[in-house]
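In case you want the letters, here they are:
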Amino acid sequence: MTEETAELKIFFDSPKVFEIQNIKPLMGLTGLYFIFNDKTRIQYPFKTSRLLYIGMSEKKTNSIGSRLTEHFEGKSKNWGLINYGKVNQLYFTYINFEMLRKFWSNRVEDLESYFILDFVEKYGVYPICNNKSGYEILDKKLKANFIINWPYFE
């Protein structure tokens, strides 16, 4: 497996109910998190998905736990997540950035962009509650070839 042809399948951990007691253990962790709902499938241009949002934590002081807490408490002011949460049970899953360090030498911000871009390629637009990618988009094909298990959210 060379760096140019490296292919890594990304599977997601079991869904966690979007509740504060499930979020607290993630304090201090960096990486990506994915918020989705239980029933409503969003009709994206190419496919449907329950995925609402892809987010990231780049440092331990602003950890996955901190970011999810902000979303849970509404402090992030992401009205899409807040309102989907009013009518649906929300869930989340995450990827610990340290687990991918061996395969990804760039910043976690770039990894988030990679995932968002891959979602755009498969579904036609950003996840409905991602208002922007957050960072300039990289050429994801230069960095890795992740096969992301997006059907997990379908």
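The structure this text deals with has already been given above.
Summarised in this report is the structure supplied together with it. (Residues numbered from 1 in each chain as written. Predicted model: local features only at pLDDT ≥ 70, side-chain atom pairs only at ≥ 80, totals over all residues. Heavy atoms only, no water.)

All right, on to the pattern of salt bridges then. Throughout the structure, instances matching the rule amount to eight salt bridges. A salt bridge links Arg67 to Glu70; the nearest nitrogen and oxygen atoms lie 2.5 Å apart. Of the two residues, Arg67 and Glu70 both sit in helix H2 (residues 64-73), three residues apart, roughly one turn of that helix. A relative accessible area of 16% means that Arg67 is categorised as buried. According to the relative accessible area criterion, Glu70 is partly exposed, its value standing at 27%. The network of salt bridges with common partners includes Asp118, Glu121 and Lys122. (Salt bridge = Lys/Arg side-chain N within 4 Å of Asp/Glu carboxyl O. Helix = DSSP H or I, 4+ residues; strand = E, 2+ residues; numbered from the N terminus. Buried < 20%, exposed > 50% of the residue type's maximum accessible area, 1.4 Å probe, protein only.)

Before going further, it helps to spend a moment on the pairing of strand S3 (residues 31-37). When a strand is regular, its side chains alternate between the sheet's two faces. Taking burial as the measure, the seven residues of S3 include seven buried ones, the bulk of the element. Taken together, the six bridges between S3 and strand S6 (residues 51-57) define a ladder with antiparallel strand orientation. Across the sheet, the residue bridging to Ile35 is Tyr53, located in S6. The pairing of S3 with strand S7 (residues 90-96) spans seven bridges and is antiparallel. In the strand pairing of S7, Phe34 is matched with Thr93. (Pairing = 2+ DSSP bridges.)

If you trace the backbone, Glu19 turns up in the loop between strand S2 (16-17) and helix H1 (20-23). On the accessibility criterion, Glu19 (30% relative accessible area) is partly exposed. Considered as a pair, Glu19 and Phe72 are 53 residues apart in the sequence and their alpha carbons are 7.4 Å apart.

A word on the packing of aromatic side chains. With the rule as written, the count across this model stands at 25 aromatic pairs. Considering the side-chain rings of Tyr33 and Tyr53, the 6.1 Å spacing of their centres and the 35° angle between planes classify their relative orientation as tilted. On the criterion of sequence distance, the pair formed by Tyr33 in strand S3 and Tyr53 in strand S6 is long-range, its members being 20 residues apart. Plain terms: the ring middles of Phe36 and Tyr91 are 5.9 Å apart, the flat faces sit at 25° to each other, and that makes the pair stacked. Taken together, the positions of Phe36 in strand S3 and Tyr91 in strand S7 put the pair 55 residues apart, joining distant regions of the chain. Note on Phe36: relative accessible area 1%, which makes it buried. On the accessibility criterion, Tyr91 (22% relative accessible area) is partly exposed. (Phe/Tyr/Trp six-rings, centres within 6.5 Å; stacked < 30°, edge-to-face > 60°.)

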